[in-house]
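Residue strings, one per chain:
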Amino acid sequence: MSEKLWRKNLINIEPYVAGEQPKNENIIKLNANENPYPPASGVQEVLRKKDIFDLKKYPSADAVPLKAALAERYGLAPENVFCGNGSDDVLATAFRAFFNSDKPVFYPDITYSFYTVWCELLKIPYETKPVDGDFLINVKDFYPENGGVVIPNPNAPTAIGVGKDFIIDLLEHNRDVIVIIDEAYVDFGRYSCVELIKEYDNLIVTQTFSKSRSLAGMRIGMAFAQPELISYMQAVKDSYNSYPLDQLAIETAIASLNDEKYFSDTVEKIKATRDRSAKAFRDMGFKVTDSETNFLFVSHPDIPAEEIFAYTREKGIFIRYFKKPVIDKWLRITIGTDEQMDKLIAAVKECIESR
């Protein structure tokens, strides 16, 4: 009887599921939106020169050196910057800090699935707004009274972005709640709204070093907002998760920021491969959304997505399949090197021709 009683108090939640991590090193991994290229050379230099005795010491509690570097890069003050262990940590901190209303938080129904996990875990009421048949978000769906708004721009897994007019419209109709714009993929898109934090005191913009800067293994995320909001986020983090970014994360992030040319060259290279690959998939009969990210979202009219997923997996190429309503006919494909994408395209052609 006692066992049944304590089991009633256990949490019942469906966790976020990340892309499969292959055990075989020969796998072409195109399922986790990682960057196929190495970080800037300065990152390797940091790792090579790191004094092991420094590791005896705790890192900067508030990632002060990185905040200063980010502030300089984005034309802000350090007080406008929050740093965390990946943008997931940053977003979770923001959810805890700002979504404490009895009104529901709004976000799209097809989007980053961690939003629902956090709402369920933190008992935040939420309401999803359906995207249309082309996976587009209707800004008017976010006009009604709510307890906060989260919009990823560009969105995942659809790869579709919105422009400045959409963001301003959203903010103008949500002056009394916190609006989070999740810009995990923005460096591959058309518009970042970091500039708007100077005008809107309820705006938080989150970003990451995991995608465009090839530092997923370091777990570096940041938020930009007016100082009052940053102070609330820091208070929450220090109250439940006081673990700051470690020394290597801070130092490698700064090294990455110091090489703007490598960053921009790598982003442009990925975008060129993305656009070439999108054309190849369209030529094979796939429907492909207009991607503003480092991945493609594709669907074949005749061949089930799960079948293509299984076929390419057998060929040693991992892509992402979501067995979920609405998107279960679609595949998300991370952009790799040109060579990797050519191998994927050849495998998909084989799959089509073998039927």
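All of these numbers come straight from a predicted model, not from anything done at the bench. (Residues numbered from 1 in each chain as written. Predicted model: local features only at pLDDT ≥ 70, side-chain atom pairs only at ≥ 80, totals over all residues. Heavy atoms only, no water.)

This part is about the pairing of strand β5 (residues 148–152). Here β5 lies mainly inside the structure; five of its five residues are buried. On β5, burial covers both faces: Gly148, Val150 and Pro152 on one face and Val149 and Ile151 on the other are all buried. The sheet contact formed by strand β3 (residues 105–108) and β5 spans two bridges and is parallel. Bridging from a neighbouring strand, Val105 pairs with Gly148 of β5. Sheet topology note: the β5/strand β6 (residues 179–182) ladder contains four bridges and is parallel. Bridge assignment links Val149 to a residue of β6, and that residue is Val179. With helix α6 (residues 164–172) bridging β5 and its parallel neighbour β6, the resulting β-α-β unit is right-handed. (Buried < 20%, exposed > 50% of the residue type's maximum accessible area, 1.4 Å probe, protein only. Helix = DSSP H or I, 4+ residues; strand = E, 2+ residues; numbered from the N terminus. Pairing = 2+ DSSP bridges. Right-handed = clockwise from strand over helix to strand, strands pointing away.)

What follows is about the packing of aromatic side chains. In the structure shown here, the tally under the stated rule is 18 aromatic pairs. Between the aromatic rings of Tyr115 and Trp118, the centroid separation amounts to 6.3 Å while the plane-to-plane angle is 35°, which identifies the pairing as tilted. Of this pair, Tyr115 and Trp118 both sit in helix α5 (residues 114–122), three residues apart, roughly one helical turn. Across this residue pair, the class does not change: Tyr115 and Trp118 are buried. Between Tyr185 and Phe295, the ring centres sit 5.1 Å apart and the planes meet at 80°, which makes this aromatic pair edge-to-face. Taken together, the positions of Tyr185 in the loop between β6 and β7 (203–208) and Phe295 in strand β10 (residues 295–299) put the pair 110 residues apart, joining distant regions of the chain. Each member of the pair, Tyr185 as well as Phe295, is classed as buried. Within the aromatic cluster, the residues linked to one another by ring pairs are Phe95, Phe99, Tyr107, Tyr112, Phe114, Tyr115, Trp118 and Tyr126. (Phe/Tyr/Trp six-rings, centres within 6.5 Å; stacked < 30°, edge-to-face > 60°.)

Further remarks concern the packing of helix α4 (residues 86–98) against α5. Where α4 contacts α5, the two axes come as close as 11 Å, and the packing angle between them is 40°. As far as their axial angle goes, α5 and α4 are oblique. Note that α4 runs across α5; the crossing there is right-handed. Taken together, the residues of α5 that come into contact with α4 (itself represented by Asp88, Leu91, Ala92, Phe95 and Arg96) are Phe114, Tyr115, Trp118, Cys119 and Leu122. Partitioning the contact of α4 with α5 into residue classes produces eight nonpolar, no polar and two charged. (Axes fitted to C-alpha atoms, helices over the stretch in contact; angles between N-to-C directions. Parallel < 35°, antiparallel > 145°, perpendicular 65-115°, else oblique. Left-handed = near helix turned anticlockwise from the far one by under 90°. Contact = heavy atoms within 4.5 Å. Nonpolar A, V, L, I, M, F, W, Y, C, P; charged D, E, K, R; others polar.)

What follows covers the side chain of Ser214. With respect to the element layout, Ser214 can be found in the loop between β7 and β8 (221–224). For Ser214, a relative accessible area of 14% puts it in the buried group. Reaching out from Ser214, the side chain makes a polar contact with the side chain of Asn35 at a distance of 3.2 Å. A polar side-chain atom of Ser214 sits 2.9 Å from the main-chain carbonyl oxygen of Tyr37. Leaving out residues up to four positions away in the same chain, Ser214 has contacts with Asn35, Tyr37, Pro38, Pro39 and Phe209. (Polar contact = N/O pair within 3.5 Å; in protein donor to acceptor, adjacent residues only side chain to side chain.)

Turning our eyes to something else, we now look at the sheet that holds strand β12 (residues 320–321). Within the open sheet, the four strands sit side by side as β9-β10-β13-β12. Their pairing is antiparallel. Single-partner strands in this sheet number two, and they are β9 (287–288) and β12. Taken together, the two bridges between β9 and β10 define a ladder with antiparallel strand orientation. Residue pairing in the sheet places Val288 in a bridge with Val298 of β10.

Moving on to the UniProt feature "modified residue: N6-(pyridoxal phosphate)lysine" (unreviewed entry) in the protein. Sites flagged by UniProt as "modified residue: N6-(pyridoxal phosphate)lysine" (unreviewed entry) map to Lys211. Examined against the element boundaries, Lys211 turns out to sit in the loop between β7 and β8. (UniProt positions renumbered as here; feature names shortened; annotations may be inferred.)

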